[in-house]
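Spelled out from the first residue to the last, the chains are:
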Amino acid sequence: MKAIYINSLSIAAPGLVGLEQATPVLKGEQAWQSVEFPKLAPQLLPANERRRMTNYIKLAISVADQASTSDKSLGAVFASSYGDLYITDHICNSLSQTPKFISPTQFHNSVHNAPSGYWAIAAKSTAASTSLSTGDSSFSSGLLEAVTQVLSTEKDILLVAYDYPATAPLDKCVDISEPFATACVLSLTKNNNSYGSIKLSVNNEEKTCSQCRNQSLNQLQNSNPIAQSLPLLETLITKSTNSVYLPYLNDSKLKVEVQQ
Amino acid sequence: MPISPLIITASSMVNALGRGKKATLEALQQKRSGLQIAQHLEFSTWLGQVEGVDEYPLEKTLSQFNCRNNQLAKLTLDTDDFRHAVNQATKKYGTDRIGVFLGTSTSGSEETEKVYQQRDANGDLPKDFNYQYTDNFSSLLDYTQQSLGLKGVGQVISTACSSSAKVFATAHRHIEAGFCDAAIVGGVDTITEISTYGFHALELTSTQPCRPCDENRDGISIGEAGGYALLEQAKTNEPLHGVCLKGYGESSDAYHMSTPHPEGLGAANAMQQALASADLNTDEIQYINLHGTATPSNDSSEDNAISHVFNKQTPCSSTKGWTGHTLGAAGITEALICQLVLENQFLPENLNLLHLDPSLNSHILLDNLQPEHQVENVISNSFGFGGTNCSLIFGLPS
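Here the residue index of a chain counts from 1 through its sequence in written order. Going through the entries in the order they are written, you letter the chains from A and number the ligands from 1. Residues qualify for local features only when their pLDDT is at least 70, as the model is predicted, and side-chain atom pairs are given and counted only at 80 or more; totals for whole chains, interfaces and linings, by contrast, use all residues. As a rule here, side-chain values cover all heavy atoms of the structure and leave hydrogens and water aside.

Participant: For this particular structure, what's the right way to read the overall build of chain B?
Facilitator: Only DSSP runs of H or I with at least four residues qualify as helices, and only runs of E with at least two residues qualify as strands; both kinds are numbered from the N terminus onward. Secondary structure assignment for chain B yields 11 helices and 15 strands. Computation of the radius of gyration draws on C-alpha atoms alone. For the globule rule, the value is 2.2 Å times the number of residues to the power 0.38. Here the C-alpha atoms of chain B give a radius of gyration of 20 Å, agreeing with the 21 Å that 2.2 N^0.38 yields for 398 residues. Taken along its principal axes, the extent of the C-alpha atoms in chain B is 60 × 55 × 40 Å. Within chain B, the proportion of its 398 residues that are buried is 67%. Note on contacts: a residue pair is in contact if any heavy atoms of the two residues lie within 4.5 Å. The contacts in chain B between residues at least 6 apart in sequence include a share of 79% that link residues at least 24 apart. Put simply, chain B shows about 13,600 Å² of open surface, and 46% of that area lies on carbon and sulfur atoms. Here the term buried applies to any residue with accessible area under 20% of the maximum for its type, exposed to any over 50%, and partly exposed to those in between, with areas from a 1.4 Å probe on protein chains only. Note on areas: Shrake-Rupley, 1.4 Å probe, and residue coverage restricted to the protein chains presented here.

Participant: What is the right way to look at the interface of chain B and chain A in this model?
Facilitator: At the junction of the two partners, chain B supplies 60 residues and chain A supplies 60 residues. Buried area counts how much accessible surface, traced with a 1.4 Å probe, disappears from two parts once they are put together, with both parts' losses summed. Summing the contributions of chain B and of chain A, the shared interface buries around 4,800 Å²; its carbon and sulfur component is 62%. The largest share of the area that chain B buries against chain A comes from Y116, F179 and M257 of chain B, three residues that together contribute 14% of it. We define a salt bridge as a contact between a side-chain nitrogen of Lys or Arg and a carboxyl oxygen of Asp or Glu at a distance within 4 Å. Across the contact surface, chain B and chain A share three salt bridges. Taking the shortest distance from any N to any O, the salt bridge between E193 of chain B and K100 of chain A comes out at 3.2 Å. Under this definition, polar contacts are N or O atom pairs within 3.5 Å; protein pairs additionally need one hydrogen-donor-capable and one acceptor-capable atom, and for neighbouring residues in sequence, both atoms have to be side-chain atoms. At the boundary of chain B with chain A, the tally comes to 19 residue pairs in polar contact (both at pLDDT 80 or more).

Participant: Please explain the side chain of D189 of chain B as it appears in this structure.
Facilitator: Residue and element names in this part refer to chain B. Tracing the backbone through its elements, the reader meets D189 in strand 7 (residues 182-189). Although D189 lies buried, it forms no salt bridge, and the closest oppositely charged side chain, R68, sits 9.7 Å away as judged by the N-O distance. Polar contacts involving the side chain of D189 include one to the side chain of T104, which spans 2.9 Å. Separated by 2.7 Å, the side chain of D189 and the backbone nitrogen of G328 make a polar contact. Every residue in contact with D189, bar those within four places of it in the chain, is listed here: N69, L72, T104, S105, T106, S107, E224, A225, T326, L327, G328 and A329. Charge assignment in this entry is limited to Lys and Arg as positive and Asp and Glu as negative, and neither His nor the chain termini are counted.

What follows is the structure in structure tokens.
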């Protein structure tokens, strides 16, 4: 497999809102601290659109916007394990009332590709876009999909991965305690800001996933399926050469070989 | 850039027309719709329901996946000798070298709808409710992989009504990149209250059996379906045989969340990309299976897109008058209808059409047609909320 370069990165999580705040923690220079996650207001969206959007959609749009600094018209891969649980809760609640009624806006926001659709409109991007899930390994599957798209289109691809906690009563069914999102631009060519190149393979031998080097991040890593990307983000931010093992399907691991 | 074709070496389908490809083919040839008036909704509409799903049990060892969507998945895997074909392929490739790429819009969300009715005084859901194995999108993938004994790469794509069309493109890319040697693609979507009441809230459900392309069309008839296809690469130095995936195109409208671009620009872009990847000209396509949902906006937008790309002679039809709009399973259902078209050299009419909308310019088939010349290549369109578009080209070996 050809090496694929990671040329841009963004992150949004409690205590890690944006690269400026996240970099010292991901470099191990500061301990991670559990702080309240702020309300995001992605400026790419008009105010009236922003009001119609849930925190889940705004989380995805924020990291997509920050990662795609030079070109917003890229083909995109959206990966989320559980979809918009706030919408799921509201719709199921509405359906348990008499008469049953669903808000039209909530219904079109309920599709798994709602963030992708809003992103295309906001970014004015008519390129192909997909929205996928493989449960707790959704970040790995998004990375695989993005790499196959770079290889087949020979164009840069934007990967956006995100999950947001549920409210009651779904919070007891879904193991997400913190918001977490990350996005990156993958490319066949290296640019000046490149964080290194990756090669992917599915590995059936390795028994455990990589853990964060900054041990204060362990709690966050286990708080959200997408936060399993943290050991990879640490490697990329420090521009290190390392192999990272991420959760993948059927207890296998996705081996990500990062090189500089 | 032209792609190398993949052969559909096995496939299975279940929908309102019955179990198996033969049931669908016969219903198409006999002009028999599978739509029936809805019995359990608070409004009047017609649905394309699959009989016998509720009574169809999962394997005892996989009972944690129990939900209607996975029951329809099992019913589909058990149809058209599909399991046998997968077993043969597994011997050839190994359990970890066959990818599984599936589409669904609502997965097992009917389970969450049900348990919300059973909340206790504190508002808590029943303790035995298992969200991960039922409602979650990946449930369909996990169930299918475990039911077939496969352990390779996989994905659930959920892009509304283009979901199980896009799986063909994703499978092709994963094979090309070397992450698997063959792939199972498909989609399963059962009728849920989220879909029925949701489309009703948007005033998009028809009060009659849906009438795509009719001047009096008033919306969709929601359907449910399952479909799977095994895709294999052609052996080098051996002639191709069977129906092939020859091309795919994907695009975004970037226009509106629930209304297609009025000029059909995104749809036209997807069709043009599909033609380029199949290395075919428009005059080499002998049939277009329309997305054709029967909403006023979809059929008009799609007609504009087709006029933009094709000449007015290419025969088109929507088959949703037969199956209903099977949402996340529409892509695979109509892909397999295209397989039936190519294998049987038969073009289905646009069922339920009484008065052709005079504003449409495409050549809509008013009657079933046995074509005079061989049908070699066909295109199938699937579009969805969020402005997602996918066009697939299937054909006989050239």
